Amino acid sequence: MTAAALVLAALLAAGCVVLVALPFLREPDPESDDLGELDEAERQRLELLEARDRALTALKELEFDHRTGTVSDEDYRQLVGPLRRDAATALQALERERGEAAADEDVRKGRPTRERTLSG
Amino acid sequence: MPELGHAALLVTLGLVLYALGAGAAAAHLGRRRLAHSARNALVAAFFSTLVAAAVLVTALVRHDFSLVYVAEHTSRELPTWYTISAFWGGQEGSLLLWLLVLTGFGALAVRLNRRWAGDLIVWVVPVFAAVATFFAFLLVAVANPFETQPAPSDGAGLNPSLQNPYMLAHPPLLYLGYVGLTVPFAFALAALLSGRTDERWLIATRRWTLLAWTALGVGQLLGAHWAYVEVGWGGYYAWDPVENAALMPWLAATAFLHSVMIQEKRGMLRIWNMVLVIGAFSLSLFGTFLTRSGVVNSIHSFTQSSIGPWFLGFIGVTVGVSLAVLFWRLPLLRSPTRLESPFSREAAFLYNNLLLLALCLTILWGVVYPLLSEAVRGESVVLGRSYYDFFLRIFGLPLLLLMGMGPLVAWRRASFRSLVTTFRWPTLVALVAGVVLILLGSGSSIPGLVTYTFASFVGATIVIEFARGTRARKALGATSWLGAFTSLIGRNRRRYGGYVVHAAIVLLAIGVAGSSAFQTVAPDTKLRPGQSMRVGGYTLRYRQLTQHQGANALEERAHLAVLRGGKPLGSLAAGKNAYAVEQQVSNEVGIRTDWLRLEDLFVIADQIDPNGTVYFRVFVKPLVNLIWIAGIVFVLGSVITLWPDAREQRRLVSRSYEVGIPAASS
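Residues numbered from 1 in each chain as written. Chains lettered and ligands numbered in written order. Predicted model: local features only at pLDDT ≥ 70, side-chain atom pairs only at ≥ 80, totals over all residues. Heavy atoms only, no water.

Trainee: Looking at this structure, how should I read the overall build of chain B?
Mentor: Check the secondary structure of chain B and you find 20 helices and nine strands. The globule rule puts the C-alpha radius of gyration for 666 residues at 26 Å, and the 27 Å found for chain B is close to it. Overall, chain B is about 80 × 75 × 60 Å in size when its C-alpha atoms are taken along their principal axes. By the burial criterion, 61% of the 666 residues in chain B qualify as buried. Within chain B, contacts between residues at least 6 apart in sequence are counted, and of these 72% link residues at least 24 apart. (Helix = DSSP H or I, 4+ residues; strand = E, 2+ residues; numbered from the N terminus. Rg over C-alpha atoms; globule rule 2.2 N^0.38 Å. Buried < 20%, exposed > 50% of the residue type's maximum accessible area, 1.4 Å probe, protein only. Contact = heavy atoms within 4.5 Å.)

Trainee: How should I be thinking about the overall build of chain A in this particular structure?
Mentor: Looking only at helices and strands, chain A features four helices and zero strands. Overall, chain A shows an N-to-C arrangement of helices and strands of α-α-α-α. When the 120 residues of chain A are sorted by exposure, 34% land in the buried category. Summarising the internal contacts of chain A: among those between residues at least 6 apart in sequence, 51% fall at separations of at least 24.

Trainee: Quick question: what am I supposed to make of the confidence of the model for chain B here?
Mentor: For any part of a model where pLDDT is low, the fine detail of the predicted coordinates should not be relied upon. For chain B, per-residue confidence averages 90 on the pLDDT scale, and residues scoring 70 or more make up 97% of the total. The least confident element of chain B, judged by mean pLDDT, is helix α20 (residues 646-659) of chain B at 76; the most confident is helix α2 (residues 32-61) of chain B at 96. (pLDDT = per-residue confidence, 0-100.)

Trainee: Just checking my understanding: could you explain the interface of chain B and chain A for this structure?
Mentor: How large an interface is tends to be reported as the accessible area lost when its parts come together. Chain B puts 66 residues into the contact, and the matching count from chain A is 53 residues. Carbon and sulfur atoms make up 55% of the area that chain B and chain A hide from each other, which totals about 5000 Å². Sorting the residues of chain B by area buried against chain A places R32, R33 and V659 of chain B first, and these three jointly supply 15% of that buried surface. Measuring nitrogen to oxygen at the nearest pair gives 3.4 Å for the salt bridge that ties E61 of chain A to R345 of chain B. (Buried area = accessible area lost by both parts, 1.4 Å probe. Salt bridge = Lys/Arg side-chain N within 4 Å of Asp/Glu carboxyl O.)

Trainee: I keep staring at the nonpolar core and nothing clicks. Help me out?
Mentor: Soluble globular proteins tend to bury their nonpolar side chains together. Residue and element names in this part refer to chain B. Counting residues in each nonpolar core, the largest one holds 197 residues, and the members touching the most others are L96, F135, F187, W201, F311 and I363. If we skip the residues at most four places from it in the chain, F135 touches L95, W98, L99, L102, L285 and F311. Core analysis: the next-biggest nonpolar cluster, separate from the first, contains 20 residues, Y542, L601, V603 and V618 among them. (Core = buried A, V, L, I, M, F, W, Y, C linked by side-chain atoms within 4.5 Å.)

Trainee: I would appreciate a short explanation of the environment of W628 of chain B in the present structure.
Mentor: Residues and elements named next belong to chain B. Mapped onto the fold, W628 is located in helix α19 (residues 625-642). Judged by relative accessible area, which is 15%, W628 ranks as buried. When the C-alpha atoms of W628 and L323 are compared, they prove to be 39 Å apart, with 305 residues separating the residues in sequence.

Trainee: Where do I start with the sheet that holds strand β6 (residues 584-588) of chain B in this structure?
Mentor: Strands belonging to one sheet form pairs held by backbone hydrogen bonds; the direction of such a pair is parallel or antiparallel. Residues and elements named next belong to chain B. The sheet built from five strands is open, its strands ordered β2-β3-β4-β5-β6 with antiparallel pairing. Of all the strands in the sheet, just β2 (532-535) and β6 have a single pairing partner and so form its edges. With direction set aside, neighbouring strand axes in the sheet form an average angle of 25°. With four bridges connecting them, β2 and strand β3 (residues 538-549) associate as antiparallel partners. In the strand pairing of β3, M533 is matched with L540. (Pairing = 2+ DSSP bridges. Axes fitted to C-alpha atoms, helices over the stretch in contact; angles between N-to-C directions.)

Trainee: What exactly am I supposed to notice about the pattern of salt bridges here?
Mentor: Residue and element names in this part refer to chain B. Taken as a whole and assessed by the stated rule, the structure comprises 28 salt bridges over all chains. D119 is the salt-bridge partner of R196, the closest N and O atoms lying 3.1 Å from each other. Of the two residues, R196 is situated in the loop between α8 (182-194) and α9 (200-231) and D119 in helix α6 (residues 118-142); the sequence distance between them amounts to 77 residues. Linking R617 and D606 is a salt bridge whose minimum nitrogen-to-oxygen distance equals 3.2 Å. One end of the pair, R617, is in strand β9 (residues 614-621); the other, D606, is in strand β8 (residues 599-608), and eleven residues separate them in sequence. For R617, a relative accessible area of 22% translates into the label partly exposed. A relative accessible area of 27% means that D606 is categorised as partly exposed.

Trainee: Can you walk me through the packing of helix α1 (residues 2-29) of chain B against α2 of chain B in this structure?
Mentor: Relative orientation and spacing of two packed helices are given, respectively, by the angle between their axes and the distance between those axes. All names here are of chain B. It is at 8 Å that the axes of α1 and α2 come closest, and there the two elements cross at 160°. It follows from the interaxial angle that α1 and α2 lie roughly antiparallel. With respect to the hand of their crossing, α1 and α2 are arranged in left-handed fashion. Residue classes in the contact of α1 with α2 are distributed as 22 nonpolar, six polar and no charged. (Parallel < 35°, antiparallel > 145°, perpendicular 65-115°, else oblique. Left-handed = near helix turned anticlockwise from the far one by under 90°. Nonpolar A, V, L, I, M, F, W, Y, C, P; charged D, E, K, R; others polar.)

Trainee: Which parts of the structure should I look at to understand the side chain of T461 of chain B?
Mentor: Residue and element names in this part refer to chain B. Mapped onto the elements of the fold, T461 is located in helix α16 (residues 446-475). A distance of 2.6 Å separates a polar atom in the side chain of T461 from the backbone oxygen of V458. Once residues lying within four places of it in the same chain are set aside, the contact partners of T461 are G404, L408 and P426. (Polar contact = N/O pair within 3.5 Å; in protein donor to acceptor, adjacent residues only side chain to side chain.)

Trainee: Just to check I follow, could you spell out α20 of chain B for this structure?
Mentor: Residues lying three or four places apart along an α-helix face the same way, a consequence of the helix completing one turn every 3.6 residues. Taking 1.5 Å of rise per residue, 14 residues should cover 20 Å, and α20 of chain B covers 20 Å from first to last C-alpha, within 8% of that figure. By the burial criterion, the buried members of α20 of chain B are E648, L652, V653, R655, S656 and V659 of chain B. Burial along α20 of chain B is one-sided: seen end-on, the buried residues are contained in an arc of 155°. Among the exposed residues of α20 of chain B, those oriented more than 90 degrees off its buried face are R650 and Y657 of chain B. At its buried positions, α20 of chain B is contacted by α2 (40-68) of chain A together with α9 of chain B. (Expected span 1.5 Å × (residues − 1). Arc of directions from axis to C-beta.)

Trainee: I tried to follow α2 of chain A on my own but got confused; where do I start?
Mentor: Given a rise of 1.5 Å per residue, 29 residues ought to cover 42 Å, and the 42 Å separating the end C-alpha atoms of α2 of chain A matches this to within 8%. After α2 of chain A finishes, the residue G69 of chain A shows a positive phi value of roughly 100°.

Trainee: What is the right way to look at a positive patch on the surface in this model?
Mentor: A cluster of basic residues, K60 of chain A together with R491, R647 and R650 of chain B, forms a positive patch on the protein surface. Mapped onto the secondary structure, K60 of chain A falls in helix α2. (Patch = residues over 30% accessible without salt bridge, like charges linked within 9 Å, V, L, I, M, F, W, Y side chains within 5 Å. Areas by Shrake-Rupley, 256 points an atom, 1.4 Å probe, with all protein chains shown as cover. Lys, Arg positive; Asp, Glu negative; His and termini not counted. Charge placed at Lys NZ, Arg CZ, Asp CG, Glu CD.)

Trainee: Would you explain the pairing of β6 of chain B in this entry?
Mentor: Consecutive side chains along a regular strand alternate between the two faces of the sheet. All names here are of chain B. By the bridge criterion, five bridges tie strand β5 (residues 567-579) to β6 in an arrangement that is antiparallel. Bridge assignment links G575 to a residue of β6, and that residue is E588. Connecting β5 to the antiparallel partner β6 that follows it, the hairpin turn spans four residues, and Q583 within it adopts a positive phi of roughly 55°.

Trainee: Got a minute to help me understand the packing of helix α7 (residues 166-180) of chain B against α9 of chain B in this structure?
Mentor: Residues and elements named next belong to chain B. The N-to-C vectors of α7 and α9 enclose an angle of 150°; their axes lie 7 Å apart at closest approach. When the interaxial angle is binned, α7 and α9 end up roughly antiparallel. Regarding α7 and α9, the two cross each other, and that crossing is left-handed. Of the residues in α9, those in contact with Y166, M167, A169, H170, L173, L174, L176, G177, Y178 and G180 of α7 are W208, A212, A215, L216, V218, G219, Q220, L222, G223, H225, W226 and V229. Class assignment for the residues of the contact of α7 with α9 results in 15 nonpolar, seven polar and no charged.

Trainee: Explanation requested: the packing of aromatic side chains in the structure shown.
Mentor: Residues and elements named next belong to chain B. Across all of its chains, the model carries 35 aromatic pairs over all chains by this definition. An aromatic cluster is built from Y237, W239, Y387, Y388, F390, F391 and F395, whose rings are joined through pairwise contacts. Across from the ring centre of W481, 5.4 Å away, lies the NZ or CZ of K474, which sits over that ring. Above the face of the Y538 ring, R564 is positioned so that its terminal group lies 4.6 Å from the ring centre. (Phe/Tyr/Trp six-rings, centres within 6.5 Å; stacked < 30°, edge-to-face > 60°. Lys NZ or Arg CZ within 6 Å of the ring centre and 35° of its normal.)

Trainee: Honestly, a nonpolar patch on the surface in this entry has me stumped. Any pointers?
Mentor: All names here are of chain B. A cluster of nonpolar side chains, W425, L428, V432, V436 and L440, forms an exposed patch at the surface whose accessible area comes to about 520 Å². With respect to the helices and strands, the residue L440 is situated in the loop between α15 (416-439) and α16. Exposure remark for L440: the relative accessible area of 67% places this residue in the exposed category.

Below, the structure is given as structure tokens:
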């Protein structure tokens with residue numbers, strides 16, 4: 001190996017090692033080294049958000065297809081009901097889930113929950 | 001500096017091994033800094049591979065024949081552009097290109113999706129690294145592009161078939177396609193390994209799949225044009241095993257791009273989509289194996305090599321591990337919804353998927369049958385053109401028809417009355433087209449006539465969809481018709497870009513049918529200077545034979561005057577190039593394009609005698625130019641579909657914030 005090639009190869013290797021070690025050099029002693037995995041509730045919320053977006057997108061597309069004439073009046077009347085129900089179900093489930101999450105947060109922080117506040 | 005190139009490859013191997021090990025450990029143990037470190041290793045691997053690639057390109061340009069690779073694939077007389085294209089003209093260089101694109105795509109895909117899929121990215125890194133480790137190992141241990149020797153005075157030159165402008169773009173585009181399919185594969189496997197089988201992996205990879213699919217499609221069309229103008233046999237697609245190798249992953253990716261919509265809209269086909277992604281990636285590996293192992297007899301297989309068993313082993317491991325992980329995660333992939341009606345858009349997409357897969361498997365069988373027959377019976381039996389043409393008609397024509405029907409059927413279910421109303425105009429257009437074509441004499445080829453009729457049907461559906469959509473946008477408040485049209489496309493690029501791609505397929509189908517079913521072929525004709533021949537309404541008068549010493553070849557051309565109805569249309573030249581360094585001769589065909597009739601007059605100088613007598617083979621190919629125009633329309637449709645959608649990005653980021661998905665830090 002020529003001297004120049006040796007120097008360049010060493011520089012390349014050193015640069016790569018620094019890049020790889022950067023997260024440890026930047027944070028030698030972090031408060032937390034956890035990845036922050038999604039818990040079960042968060043996963044469920046993600047699924048509900050996807051279901052909500054899917055239903056709303058489907059409704060929007062159906063409306064447009066009906067307007068263009070690709071979907072007939074008869075088909076539109078049959079399809080729009082279930083899609084609206086799907087969207088409403090997803091939105092209600094999200095609201096319910098948000099309410100439960102807020103209540104859990106209140107309990108965790110030792111604050112009175114909304115129900116207790118109202119009754120008390 | 002070949003030592004620097006080899007050292008850079010060793011560094012790459014070390015980095016991707018680290019990314020694999022550290023990435024897998026970080027994902028399994030949930031360690032944040034280790035995950036970032038593994039990701040940085042993947043990025044660093046791209047830069048070290050870039051250094052290796054730069055060293056090889058420099059050696060090629062400087063004619064450093066002390067490198068075996070440079071000496072075997074270039075010569076001093078080779079023009080500079082072809083000297084650079086020798087980077088992917090040989091096995092070692094093309095594997096280096098694979099690794100370069102792979103690490104580049106890996107680093108980019110990880111960076112672009114880190115804001116809303118950070119938890120998935122953690123698992124994507126080790127999958128990418130596993131694939132990169134295989135290629136880095138091959139380059140370091142089996143097919144080293146930096147092997148040295150005492151430098152000879154000149155190199156062996158580049159295969160003359162590769163000395164064509166199309167070869168500057170065709171192989172890299174195919175590699176972009178092959179390697180690009182690693183992205184959906186890595187995200188799919190990451191989703192399975194992590195258990196996060198929500199739709200984020202689909203969204204993260206949709207554009208990558210489209211990009212890879214577009215590159216594969218354009219690469220194949222450029223390859224077809226190269227075969228048409230350079231190989232000189234009178235066609236553009238010969239069902240050659242290596243051509244098929246690129247077509248198979250393209251078909252699997254086409255099926256995925258359609259079925260992914262069913263998962264997004266209806267939450268169905270989750271297992272099927274995983275299978276398609278694994279299949280497309282495995283077929284891309286298989287394609288690289290076919291091209292580079294020399295296991296099949298093909299004009300594209302430029303090398304006989306020792307990498308074949310390694311590739312087969314890796315393909316086996318990839319398929320085995322992927323299917324095992326898929327089986328393990330089956331419970332997570334159960335679909336919440338079912339097919340409601342056989343007359344729905346999702347059903348049409350499903351039929352389209354089955355036909356695409358059937359065509360893909362048929363081609364796969366045609367490719368592997370000679371290998372199997374040789375292994376079992378000791379005799380290679382090649383399935384010829386008639387086998388492929390038969391199945392192309394059986395599966396391709398219904399596919400063409402479905403392409404027009406699918407988009408006009410409603411999601412979930414469509415009533416019979418609605419179907420009749422929807423399809424009456426396209427059906428009428430198709431019937432009128434069929435009758436007119438029969439009256440014009442196109443009934444001589446039934447498959448050709450059916451293709452034209454179906455193409456008319458699909459074309460009518462596309463026009464109707466654009467017209468209705470534009471009218472609806474205008475009614476919704478667009479100020480002008482042009483504004484309504486652009487807003488229609490802008491608001492749903494995927495749908496209307498898809499229609500443009502469908503239009504490209506229609507043009508392609510018409511071009512293929514026209515140029516194959518309705519072409520005129522003149523039998524081999526021997527002419528001396530001054531003599532004439534007639535074919536398909538043209539008269540060709542052979543004027544003279546000339547010789548010219550080009551940059552690296554002796555160019556011999558027979559010049560012909562072209563007339564139609566006694567009116568001179570110009571001239572064309574067909575002949576041969578004799579490459580002294582490579583000691584090979586190539587056919588150089590003469591083509592005269594009539595853009596008004598969209599047909600080509602295609603002349604091959606099959607044999608040139610020393611006394612100036614030439615044996616000509618002449619074809620008149622109607623509508624062949626629609627195939628190349630289809631390529632331009634295909635790219636346009638792909639660009640519309642690929643164009644970033646800011647609204648979708650905002651929705652995804654806000655969704656991840658709502659859930660609290662941790663973004664991977666930059």
